[in-house]
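Residue-level listing of the chains:
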Amino acid sequence: MPERSTARCLAESRRGTPTPRHPVGAQARAAAALAVHGVRDRGKSLTRVLEQAGLPQTPAERALTQEMTYGSLRTLPRLEGLVARLLNHPLKPADKDVEALILVGLYQLTAMDTPDHAAVAATVEASRLLGKPGKAALINALLRRFLRERETLLTAVDCEPAAHWLFPEWLLERLRQDWPEDWERIVHASNHRAPMSLRVNRMRADRRAYAARLAVAGFAARPIQGCDMGLTLDQPCPTHELPGFDEGLVSVQDGGAQCAAALLDAEPGQRVLDACAAPGGKAASILERAANRLTLVAIDRSPKRLASIQATFQRLGLTAEVALADAAAPRGDWTAVVFDRILLDVPCSATGVIRRHPDIKWLRRAADIPAFCAQQARILDATWPLLRPGGRLLYATCSVIAEENQLQIAAFLERQPDARERLIDARWGRALPIGRQLLPTDGANDGFYYALIEKAVP
């Protein structure tokens, strides 16, 4: 099987015995091709395929693989348009991994500063790591033809709407409907790289002191407006290079996500539920804000994701109860006592975080939205009885689609006569008839929606 062949070759390189015929960078290109193939042709998430693709271990190779993978998926329609013009006949279904490698090669030649000859040579050699040495001549011919006809090909492709917007048509239409004045800016922001934002652990450092420590280490950072512990790096870096990361001084978290803890405003001594907690960033922020002096229950229905929550708490020196449970059907000992605060960061289309996860553009379908909305409604209705009278529930999504956000909460308020919206008084985002929306156009923040609901006292 091609995947076994690739994994075996990449494993050899990780053991320090690379095959001499493979030049520097061939492994990274093969891994990127497998990741693009997994998303584009098999419908897998980018996170999952990167974990399975046998990423090279050196930081330089890992960074190169991620740049080519994310970039190829970000600009996929443009690259596919070029491939369609370069190929005389479509490749067979069994050679979709080869097509993905061609896409990766074209991304290098259109968007990266790798010398053309090096990009072509390493991409051609990567075909052998895919177990397709017979396709090396084809890949070489197509990439060299592109170099000869670059301007003509790009001019023709860039006239196509798909290549211009780099978005699926159904999602463009939804954005035009929900954000008629902003949709173009949303698309533009979503097609670019997201900044790397940090949340300083207020239990162990303050923002100004940590920013100074970053400067000493050679990292420039600026405060995030509206986030008292947030910083945005001028340039991203591996987490292990951040001063004090392993000691729990800081976490990586988008500025929009950092708003949750302040909005929930959980106080020491209160009982708090994070009902869809993985990977644990918002729960950790809630605990840090209350100096780790509240009772927090973090649930998730995935054992693997629960492990990530526990690892987050351990690194930051936080304590909480972590339980395997489904927020849509809560049961277990942790439900015996009502909560003062509930955070519902519900599953959603994730259309507000496309700049971090470009695979979302190609994995989501219009038909997915009603399914997400139904799941969100089930979670809202199932967790509402767990909130004490006078308590507050914060509903959150990383979506920019009205149906999942203000329309979802409007329907919930109609169903629950004891639910009252509390206005969010903030200087960030957009005030909506119900709740508040951050768009990915707003600087350091991804797209997030928040609505704060209070349960009436009888």
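Here the structure is a predicted model, which means the values were calculated and not measured.

(A) Here's a closer look at the pattern of salt bridges. Here the structure, examined in full by the defined rule, presents 31 salt bridges. Here Glu160 ties to Arg85 by a salt bridge, and the two come within 2.8 Å at their closest N and O atoms. With a gap of 75 residues between them, Glu160 in the loop between helix 9 (150–157) and helix 10 (161–165) and Arg85 in helix 5 (residues 76–86) connect regions that are remote in the sequence. For Glu160, a relative accessible area of 28% translates into the label partly exposed. Among the ionic pairs, Arg176 bridges to Glu173, the shortest N-O distance being 3.4 Å. You can see Arg176 and its partner Glu173 sitting in helix 11 (residues 169–178), 3 residues apart, about one turn around the helix. The partly exposed category is assigned to Arg176, whose relative accessible area is 26%. By sharing partners, the salt bridges in this structure join Arg40, Asp41, Glu80, Lys96 and Glu99 into a single network.

(B) Here's a closer look at the sheet that holds strand 3 (residues 230–233). Spatially, the 4 strands line up as an open sheet ordered 2-3-1-4, and their pairing is antiparallel. Both outer strands of the open sheet, strand 2 (221–223) and strand 4 (250–252), are each paired with one neighbouring strand and no more. Between one strand axis and the next, the sheet turns through 30 degrees on average, direction left out of account. As judged from the 3 bridges shared by strand 1 (residues 197–200) and strand 3, these two strands associate in the antiparallel manner. In the strand pairing of strand 3, Arg199 is matched with Gly230.

(C) View of the packing of helix 7 (residues 116–129) against helix 8 (residues 136–148). As a packed pair, helix 7 and helix 8 sit with axes 8 Å apart at the nearest point and diverge in direction by 160 degrees. Judged by the angle between their axes, helix 7 and helix 8 are roughly antiparallel. As helix 7 runs across helix 8, the sense of the crossing is right-handed. Contact with helix 7, carried on its side by Asp116, Val120, Thr123, Val124, Ser127 and Arg128, involves Ala136, Ile139, Asn140, Leu143, Arg144 and Leu147 of helix 8 and no other residues of that element. Taken together, the residues that form the contact of helix 7 with helix 8 break down as 6 nonpolar, 3 polar and 3 charged.

(D) Inspection of the packing of aromatic side chains at higher detail. For the structure on display, the rule yields 6 aromatic pairs. Ring centres of Trp334 and Phe339 lie 6.5 Å apart, and the angle between their planes is 50 degrees; on these two criteria the pair is classed as tilted. Note on accessibility: Trp334 and Phe339 belong to one class, buried. The interplanar angle of 80 degrees and the centroid separation of 5.3 Å between the aromatic rings of Trp384 and Phe412 together place this pair among those described as edge-to-face. In this pair, Trp384 sits in the loop between helix 18 (368–383) and strand 9 (387–397) while Phe412 sits in helix 19 (residues 406–415), placing the two residues 28 residues apart along the sequence. One exposure class covers both Trp384 and Phe412, and it is buried. Aromatic rings pair up to connect Trp428, Phe448 and Tyr450 into one cluster.

The rules behind each value
- Residues numbered from 1 in each chain as written.
- Predicted model: local features only at pLDDT ≥ 70, side-chain atom pairs only at ≥ 80, totals over all residues.
- Heavy atoms only, no water.
- Salt bridge = Lys/Arg side-chain N within 4 Å of Asp/Glu carboxyl O.
- Helix = DSSP H or I, 4+ residues; strand = E, 2+ residues; numbered from the N terminus.
- Buried < 20%, exposed > 50% of the residue type's maximum accessible area, 1.4 Å probe, protein only.
- Pairing = 2+ DSSP bridges.
- Axes fitted to C-alpha atoms, helices over the stretch in contact; angles between N-to-C directions.
- Parallel < 35°, antiparallel > 145°, perpendicular 65-115°, else oblique.
- Left-handed = near helix turned anticlockwise from the far one by under 90°.
- Contact = heavy atoms within 4.5 Å.
- Nonpolar A, V, L, I, M, F, W, Y, C, P; charged D, E, K, R; others polar.
- Phe/Tyr/Trp six-rings, centres within 6.5 Å; stacked < 30°, edge-to-face > 60°.

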